[in-house]
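In case you want the letters, here they are:
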Amino acid sequence: MESKYNYFKRDISWLSFNYRVLLEALDERLPLYERINFISIYSSNLEEFYKIRVADHKAVASGATESDEETVQSARELVEEINKEVTRQLDDRVRIYEQKILPALRKNHIIFYQDNHVEPFHQQFIKDFFREEIFPYLQPVPVSKDKIVSFLRDNRLYLAIRVYPKKEEKNKGEEPKENIEKYTGECINERNDGEGIKVGMEAARPNVTDLRQPLYFVMKQPYAKVPRFIELPSREKNHYLMFTEDIIKANLNLIFPGYDVDSSYCIKISRDADILIDDTASSADLVAQLKKKVKKRKIGDVCRFVYDRAMPSEFLDFLVDAFRIQRDELVPGDKHLNLEDLRHLPNPNKSLHSLEKPKPMKLTVLDEKESIFNYVAKKDLLLYYPYHSFEHFIHFLYEAVHNPETREIMVTQYRVAENSAVINTLIAAAQNGKKVTVFVELKARFDEENNLATAEMMQAAGIKIIYSIPGLKVHAKVALIRRRGLNGEKIPSYAYISTGNFNEKTATLYADCGLFTCRKEIVADLYNLFRTLQGKEDPKFTTLLVARFNLIPELNRLIDREISLADEGKQGRIILKMNALQDPTMIDRLYEASEHGVQIDLIVRGICCLIPGQSYSRNIRVTRIVDSFLEHARIWYFGNDGTPKVFMGSPDWMRRNLYRRIEAITPVLASDLRDSLIEMLNIQLADNQKACWVDDKLQNIFKKRTPGTPAVRAQYTFYDWLNKTNS
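Everything quoted here is computed from the prediction, not taken from an experiment.

Trainee: Hey, could you run me through the overall build of the chain in this one?
Mentor: Scanning the chain for helices and strands turns up 21 helices and 30 strands. Looking at the chain as a whole, 59% of its 727 residues are labelled buried. Of the accessible surface of the chain, which amounts to about 31400 Å², a share of 47% is contributed by carbon and sulfur atoms.

Trainee: What is the right way to read the nonpolar core from this model?
Mentor: The tendency in soluble globular proteins is for nonpolar side chains to be buried as a group. By size, the foremost hydrophobic cluster in this structure holds 85 residues, and its most contacted members are Leu 581, Leu 590, Leu 602, Leu 610, Trp 636 and Trp 653. Of the residues forming this core, the biggest block, eleven residues, is contributed by helix α2 (residues 32–61). Ignoring any residue separated from it by four or fewer positions in sequence, one finds Trp 653 in contact with Leu 555, Ile 559, Leu 576, Met 578, Ala 580, Leu 581, Gln 582, Asp 583, Met 586, Leu 590, Trp 636 and Leu 658.

Trainee: Could you clarify how one ought to interpret the sheet that holds strand β1 (residues 110–113) in this entry?
Mentor: The strands making up a sheet associate through hydrogen bonds between their backbones, and the pairing can be parallel or antiparallel. Ordered in space as β1-β8-β7, the three strands form an open sheet in which the pairing is mixed. Strands with a single pairing partner mark the edges of an open sheet, and in this sheet they are β1 and β7 (229–235). The sheet shows a mean angle of 25° between the axes of neighbouring strands, taken without regard to direction. Judged from the four bridges that link them, β1 and strand β8 (residues 238–243) form a sheet pairing that is parallel.

Trainee: I keep staring at the sheet that holds strand β2 (residues 141–143) and nothing clicks. Help me out?
Mentor: Taken in spatial order, the six strands make up an open sheet running β2-β6-β3-β9-β10-β11, and their pairing is mixed. In this open sheet, the two edge strands, each paired with only one partner strand, are β2 and β11 (330–333). Averaged over all adjacent pairs, the angle separating strand axes in this sheet is 35°, with direction ignored. Here eight bridges tie strand β3 (residues 158–165) to strand β9 (residues 259–271), and the two strands are oriented antiparallel to one another. Looking at β9, one finds that Ala 160 is bridged to Tyr 265. α2 rests against β9, β10 (302–308) and β11 of the sheet, and its axis sits at about 130° to β10.

Trainee: Is there a simple way to think about the environment of Lys 697 in this case?
Mentor: Examined against the element boundaries, Lys 697 turns out to sit in the loop between β29 (691–694) and β30 (700–702). What makes Lys 697 exposed here is its relative accessible area of 60%. As a C-alpha pair, Lys 697 and Ser 16 span 681 residues in sequence and 9.6 Å in three-dimensional space.

Trainee: Would you mind going over the confidence of the model for the chain with me for this structure?
Mentor: Low pLDDT marks regions whose predicted coordinates should not be analysed in detail. With 88% of its residues at a pLDDT of at least 70, the chain reaches an overall mean of 87. A low-confidence stretch, residues 169–210 stays under pLDDT 50, and its non-local contacts, those more than four residues away or across chains, total 82 contacts.

Trainee: I'm lost on the pattern of salt bridges in this one. Help?
Mentor: Side chains that carry opposite charge are capable of pairing whenever their charged atoms lie near each other. Using the criterion set out here, one finds 42 salt bridges in the structure. Two residues, Lys 58 and Asp 328, come together in a salt bridge whose shortest N-O distance is 3.1 Å. One end of the pair, Lys 58, is in helix α2; the other, Asp 328, is in the loop between α11 (313–322) and β11, with 270 residues separating them in the sequence. We classify Lys 58 as buried; its relative accessible area is 12%. Take Asp 328: its relative accessible area is 37%, and that puts it in the partly exposed class. Taking the shortest distance from any N to any O, the salt bridge between Glu 391 and Lys 362 comes out at 2.9 Å. Within this pair, whereas Glu 391 is found in helix α13 (residues 391–402), its partner Lys 362 is found in the loop between β11 and α12 (372–378), the two being separated by 29 residues in sequence. You can call Lys 362 partly exposed: its relative accessible area is 40%. Among the charged side chains, a network of salt bridges with common partners joins Arg 20, Glu 24, Asp 27, Arg 29 and Lys 690.

Trainee: I tried to follow unusual backbone geometry on my own but got confused; where do I start?
Mentor: Trans is the prevailing form of peptide bonds, just as negative phi is the prevailing case for residues other than glycine. In the segment running from Tyr 385 into Pro 386, the intervening peptide bond is cis, with an omega of 0°. Even without being glycine, His 109 reaches a positive phi, approximately 65°. Mapped onto the secondary structure, His 109 falls in the loop between α3 (72–107) and β1. Residue His 109 is classed as partly exposed on the basis of its relative accessible area of 26%. Positive phi is not limited to glycine here, since Arg 324 has a value of about 55°.

Trainee: How should I be thinking about the packing of aromatic side chains in this particular structure?
Mentor: Given two aromatic rings, one states the distance between the centres and the angle between the planes to describe the pair. In the structure shown here, the tally under the stated rule is 38 aromatic pairs. When the centroid spacing of 5.9 Å and the interplanar angle of 85° are considered together, the rings of Tyr 387 and Phe 629 count as edge-to-face. With Tyr 387 in the loop between β12 (381–385) and α13 and Phe 629 in the loop between β23 (620–625) and β24 (630–631), this pair connects stretches of sequence that are 242 residues apart. When sorted by exposure, Tyr 387 lands in the same class as Phe 629, which is buried. Ring centres of Phe 396 and Tyr 494 lie 6.3 Å apart, and the angle between their planes is 80°; on these two criteria the pair is classed as edge-to-face.

Trainee: Honestly, the environment of Leu 533 in this entry has me stumped. Any pointers?
Mentor: Secondary-structure assignment places Leu 533 in helix α16 (residues 520–533). Taking the C-alpha atoms as reference, Leu 533 lies 9.1 Å from Tyr 467; in sequence the two are 66 residues apart. Not counting the four nearest positions on each side in its chain, Leu 533 is found in contact with Thr 412, Phe 439, Ile 466, Ile 469, Val 474 and Ile 662.

What counts and how
- Residues numbered from 1 in each chain as written.
- Predicted model: local features only at pLDDT ≥ 70, side-chain atom pairs only at ≥ 80, totals over all residues.
- Heavy atoms only, no water.
- Helix = DSSP H or I, 4+ residues; strand = E, 2+ residues; numbered from the N terminus.
- Buried < 20%, exposed > 50% of the residue type's maximum accessible area, 1.4 Å probe, protein only.
- Areas by Shrake-Rupley, 256 points an atom, 1.4 Å probe, with all protein chains shown as cover.
- Core = buried A, V, L, I, M, F, W, Y, C linked by side-chain atoms within 4.5 Å.
- Contact = heavy atoms within 4.5 Å.
- Pairing = 2+ DSSP bridges.
- Axes fitted to C-alpha atoms, helices over the stretch in contact; angles between N-to-C directions.
- pLDDT = per-residue confidence, 0-100.
- Salt bridge = Lys/Arg side-chain N within 4 Å of Asp/Glu carboxyl O.
- Phe/Tyr/Trp six-rings, centres within 6.5 Å; stacked < 30°, edge-to-face > 60°.

Below, the structure is given as structure tokens:
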């Protein structure tokens with residue numbers, strides 16, 4: 001039965017979020033390099049989006065794969081809609097970069113060369129730098145429609161170059177092949193150059209009947225050998241920067257003597273990075289599949305060909321034919337591509353200050369002399385990252401390692417840091433004679449290799465490793481410390497439920513929270529969950545909400561309760577904070593609650609398929625916050641007639657999270673901790689600095705500060721609140 005409600009398209013909604021990230025580059029209240037970093041984040045996000053989401057749609061559009069959610073035609077239309085919106089956004093990115101960022105750099109005495117104009121006092125330096133530092137690593141490869149089969153590597157920058165033989169060579173009636181041979185080196189001899197490009201000598205020769213026919217080359221930029229950005233000698237109080245590719249362009253005549261260099265433009269390919277595996281395979285087969293298929297990620301099908309929009313149409317047409325590019329894969333870009341590299345832009349002006357982000361604080365009740373075990377045995381503990389130090393969690397594990405009453409440590413691993421302190425502590429526990437069990441989710445996209453290597457290292461240290469469950473992904477972020485007295489008596493065990501991964505690096509960047517508790521009902525539920533991950537029983541959960549078991553029924557009951565209150569003339573109230581809201585069934589429940597008068601606030605960072613501003617959503621407001629830290633926590637509030645119920649945990653309201661993953665969320669039962677979560681939600685809803693409304697056209701409408709009211713920047717305001725209560 002067709003729903004009476006409407007929804008935003010998932011990927012168009014995500015593009016709205018990423019555009020909001022780009023808008024941070026316009027905020028002149030931020031330090032300049034922080035604004036530049038948001039352009040980098042926007043570009044990096046977009047690259048991954050094409051490699052995964054657009055690649056999936058293109059596979060359906062081509063008939064290579066089938067989907068229950070879209071037809072061949074709808075997939076084609078969606079790819080076209082995505083490319084159109086991305087092109088619009090990239091126009092804005094160009095304007096922001098050229099009209100806002102570059103002038104701001106100049107104002108701060110940083111001249112970032114962007115065109116052919118270079119000051120005379122730098123021209124010799126650029127020539128010398130090119131000859132000494134860049135030229136040895138360059139290898140132009142001829143391109144032909146008929147005789148060259150070329151492979152461009154994923155997300156690598158290439159310079160596409162068009163040259164003509166000089167007229168005087170034509171007068172001599174000779175082929176200037178010696179120059180091509182000299183400057184294309186090994187490429188002249190038919191071989192495979194390691195980049196998958198097969199080259200024949202005949203392709204390098206100009207047309208003997210018409211020596212003014214153009215020749216085309218591609219040349220991979222040598223960023224493994226040379227930085228993307230080069231600092232030039234300062235002059236008076238000015239500092240100078242230049243893209244490496246611009247230095248190369250300025251010296252192309254040295255690469256092609258005997259030829260007139262007509263033009264050159266940057267190009268890049270994005271390739272399908274999704275790994276298709278047999279999700280029903282056993283653990284051993286899954287490991288074998290991943291080891292094999294991860295290596296093929298960089299040679300996937302083309303999903304995007306990005307080119308400098310200034311490239312003439314006949315030049316582009318030649319490349320499209322030569323590289324067998326489909327027209328729906330074309331995405332026009334700026335002169336300089338891969339702007340995710342801007343996060344590495346040097347800052348030669350040391351007077352430019354950096355953003356003073358909140359520094360992780362340690363709780364005064366948990367100084368180094370205080371046992372977390374002793375504290376949590378008395379009352380629940382809630383930590384907010386990155387405002388609180390992740391070292392508290394490391395200390396919690398460290399205590400478990402050295403506590404003689406620790407019987408077993410059980411942890412889920414989704415994404416961990418390289419050289420992880422968490423993993424090192426678990427290895428120390430195993431070496432100290434503790435039983436350690438770690439569930440490793442191998443299907444964590446882009447972290448497969450790291451997770452597998454980490455798992456093998458832990459296994460070698462004596463840790464029991466449980467790999468991915470066939471047909472499911474385990475996304476829960478939980479840990480359990482099981483204890484028993486030395487004389488066999490029962491003593492408290494400890495549960496930890498988090499909204500974020502056990503990753504000390506992202507814990508300084510992502511806004512998450514984690515709950516420590518000794519409550520027997522939660523400990524028992526968590527133990528049942530780990531037994532389920534080991535395939536030992538069909539569990540019953542009394543307190544925890546676990547996706548695929550009791551989560552959906554309980555969510556429906558909580559929403560029904562608020563609807564009943566509204567029907568009785570009382571206040572029905574729901575606040576939901578999450579990363580993404582996409583599941584139509586749960587969106588329908590929110591629409592239904594709105595129609596009954598329940599007041600609903602959604603704080604959704606990314607994808608939000610619910611459309612506000614409709615007759616059936618008139619009581620729903622959607623807030624989006626983008627600031628210094630990535631909002632990552634999932635927190636749900638249900639008013640419950642003045643006795644609120646508050647939950648926190650790992651799941652978003654996406655189909656995959658609610659129906660195809662193991663997720664865990666816990667009620668927050670301690671009243672003081674529940675109140676602190678409510679305070680955080682209220683502060684975020686009051687944000688008038690970094691918060692936007694998402695309207696019915698997916699526009700990001702910045703919330704305006706009412707005259708006479710205080711400025712509220714939620715992340716910083718909440719940090720101050722936590723600091724004041726840290727006693």
